[in-house]
Amino acid sequence: MADGNAKPVRKIEGQKTLLGRTMHAIGYDEIHDEFVVPQQFAQAILTFRGGASGEEPPLRVIQGSKTRLEAPDRVALDPVHNEIYVPEGDAVLVYDREAKGDVAPIRVIEGPNAGGGASAVAVDPINNLVIVAGGGGPGGGRGGGTSFLIFDRTASGNTKPKLVVSGPRSLGGPFTIYPPKKLILATNRPVGEALSGTVSYLGIWSYERDGDHPPLWRIGGPNGIFEMPRGVTLDVKNKSIIASDKRLNSVLTFHFPDMF
């Protein structure tokens, strides 16, 4: 319920945390009450207890030459099946949730048939699917933007996606999903010629439909408040969408019962 210039109730910081100067993603495991953070500079994945506070070290660290981690930027969790997913270059690396040390992935999605430029990933344990944002962000994918590639959850190797949501009408950046209705929620902002004339917004697409289609809903906020939207997550209990904006240096919450 924080609002305005609110102070944090806890901070996790300091040398023992092994965190770097900037963390681009965080994933929360509500079943095991843990959260996971990718550490780009150390080529590592850090897992903390949910109630971590202050200069507290991670419970587990995945790091080493066998991991194939080079510059991990995003992370997704599947607490139902005890797995961690990390997009890394042209591949998606999958680890056991309890893995630590120099361990190899238990599965890897990669190859020419699997697409390329994996920038973010989300796991749908209800429908047994993995959704991968490819194309390297706005302006880089097929049709001028990000493509969302949908795979079976246990896909491995050079596997073709089951379907692809892509094209200039379905651009997306960092994203989350709502598995009960097979929805993708992605932030969008004008970048380059491919997005000329557009404004920043949060778009919601179906991943039951293949190909290029416009969002089912567009959320721009009051007076088009979004300037540089980045992360997005859901508060399902309160039927709300939460998104961050880098330029506003803010977190915005929208009550949106129609989607739920």
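Analysis parameters
- Residues numbered from 1 in each chain as written.
- Predicted model: local features only at pLDDT ≥ 70, side-chain atom pairs only at ≥ 80, totals over all residues.
- Heavy atoms only, no water.
- Helix = DSSP H or I, 4+ residues; strand = E, 2+ residues; numbered from the N terminus.
- Buried < 20%, exposed > 50% of the residue type's maximum accessible area, 1.4 Å probe, protein only.
- Contact = heavy atoms within 4.5 Å.
- Pairing = 2+ DSSP bridges.
- Axes fitted to C-alpha atoms, helices over the stretch in contact; angles between N-to-C directions.
- 1 Å grid on protein atoms, 1.4 Å probe; cavity = no way out; pocket = protein on both sides within 12 Å on 5 of 7 lines; lining within 4 Å.
- Points joined across faces, edges and corners; volume = space filled by probe spheres on them.
- Nonpolar A, V, L, I, M, F, W, Y, C, P; charged D, E, K, R; others polar.
- Salt bridge = Lys/Arg side-chain N within 4 Å of Asp/Glu carboxyl O.
- Phe/Tyr/Trp six-rings, centres within 6.5 Å; stacked < 30°, edge-to-face > 60°.
- Lys NZ or Arg CZ within 6 Å of the ring centre and 35° of its normal.
- Polar contact = N/O pair within 3.5 Å; in protein donor to acceptor, adjacent residues only side chain to side chain.

Visitor: Looking at this structure, how should I read the overall build of the chain?
Guide: In terms of regular secondary structure, the chain is built from zero helices and 19 strands. Buried residues in the chain amount to 46% of all 260 residues. Of all intrachain contacts in the chain linking residues separated by at least 6 positions in sequence, the fraction that spans at least 24 positions is 48%.

Visitor: Quick question: what am I supposed to make of the sheet that holds strand β10 (residues 129–134) here?
Guide: Strands in a sheet are paired, the pairing made by backbone hydrogen bonds, and the direction either parallel or antiparallel. With antiparallel pairing, four strands are arranged side by side in an open sheet as β9-β10-β11-β12. A strand with exactly one partner marks an edge of an open sheet, and here the two such strands are β9 (120–124) and β12 (163–165). Averaged over all neighbouring strand pairs, the angle between strand axes comes to 20°, with direction disregarded. Two strands pair when backbone bridges link them, and strand β11 (residues 147–152) and β12 are joined in this way by three bridges, in the antiparallel orientation. The residue of β12 that forms the bridge with L149 is V164.

Visitor: Which parts of the structure should I look at to understand empty space enclosed by the protein?
Guide: One water molecule sets the probe size; rolling that probe over the atoms shows where empty space is left. Taken as a whole and assessed by the stated rule, the structure comprises two cavities of 30 Å³ or more. By volume, the largest cavity amounts to about 80 Å³. As for the largest cavity, its lining consists of 14 residues, and the residues nearest its centre are D90, V92, A114, A118 and V132. Elements with a contribution of two residues or more to the lining of the largest cavity: β7 (91–96), β10 and β11. Residues that form the lining of the largest cavity fall into these classes: eight nonpolar, four polar and two charged. Within this model, the second largest cavity holds a volume of roughly 40 Å³. In this structure, the second largest cavity is lined by D29, E34, V36, T47, R60, L77, P79, E83, I84 and R97.

Visitor: What is the right way to look at the sheet that holds strand β5 (residues 76–78) in this model?
Guide: Taken together, four strands build an open sheet; the order of strands is β5-β6-β7-β8 and the sheet is antiparallel. Of all strands in the sheet, those with a lone pairing partner are β5 and β8 (107–109), marking the two edges. Mean inter-strand twist for the sheet, computed between neighbouring axes without regard to direction, equals 20°. As defined by bridge partners, β5 adjoins strand β6 (residues 83–88) across three bridges and the pair is classed as antiparallel.

Visitor: Is there a simple way to think about the pattern of salt bridges in this case?
Guide: Proximity of charged atoms lets side chains of opposite charge pair with each other. By the definition in use, this model includes nine salt bridges. Put simply, D73 and R74 hold a salt bridge, and the shortest N to O gap is 3.5 Å. A relative accessible area of 17% places R74 in the buried class. Measuring nitrogen to oxygen at the nearest pair gives 3.4 Å for the salt bridge that ties K162 to D152. Here K162 is found in the loop between β11 and β12, whereas its partner D152 is found in strand β11, with 10 residues between them in sequence.

Visitor: Even after reading the chapter, I still don't get the environment of G134, so can you show me in this structure?
Guide: Tracing the backbone through its elements, the reader meets G134 in strand β10. Sequence-wise, G134 and G115 are 19 residues apart; in three dimensions their C-alpha atoms are separated by 7.0 Å. The residues contacting G134, other than those within four sequence positions of it, are G116, G117, A118, T146 and S147.

Visitor: What is the right way to read the packing of aromatic side chains from this model?
Guide: Any two aromatic rings considered together are summarised by their centre-to-centre distance and by the angle between their planes. Taken as a whole and judged by the stated rule, the model has six aromatic pairs. With centroids separated by 5.1 Å and ring planes inclined at 70°, the aromatic side chains of Y178 and F260 adopt a geometry described as edge-to-face. Highlighted residues: Y178 in strand β13 (residues 175–178) and F260 in the segment after β19 (250–255), separated in sequence by 82 residues. According to the relative accessible area criterion, F260 is buried, its value standing at 17%. Three or more aromatic residues link up through ring pairs in this structure, and these residues are F148, F175 and W205. For the cation-ring pair, R218 lies above Y201, with the distance from its terminal atom to the ring centre recorded as 3.7 Å.

Visitor: How should I be thinking about the environment of I31 in this particular structure?
Guide: With respect to the helices and strands, the residue I31 is situated in the loop between β1 (27–29) and β2 (34–39). Overall, the relative accessible area of 52% leaves I31 in the exposed class. Taking the C-alpha atoms as reference points, I31 and P79, 48 residues apart in sequence, are found 6.3 Å from one another.

Visitor: Would you mind showing me how to read the side chain of S200 here?
Guide: Tracing the sequence through the fold places S200 in the loop between β14 (183–188) and β15 (201–206). For S200, a relative accessible area of 8% gives the class buried. Engagement of the side chain of S200 in a polar contact is seen with the backbone oxygen of E227, the distance being 2.9 Å.

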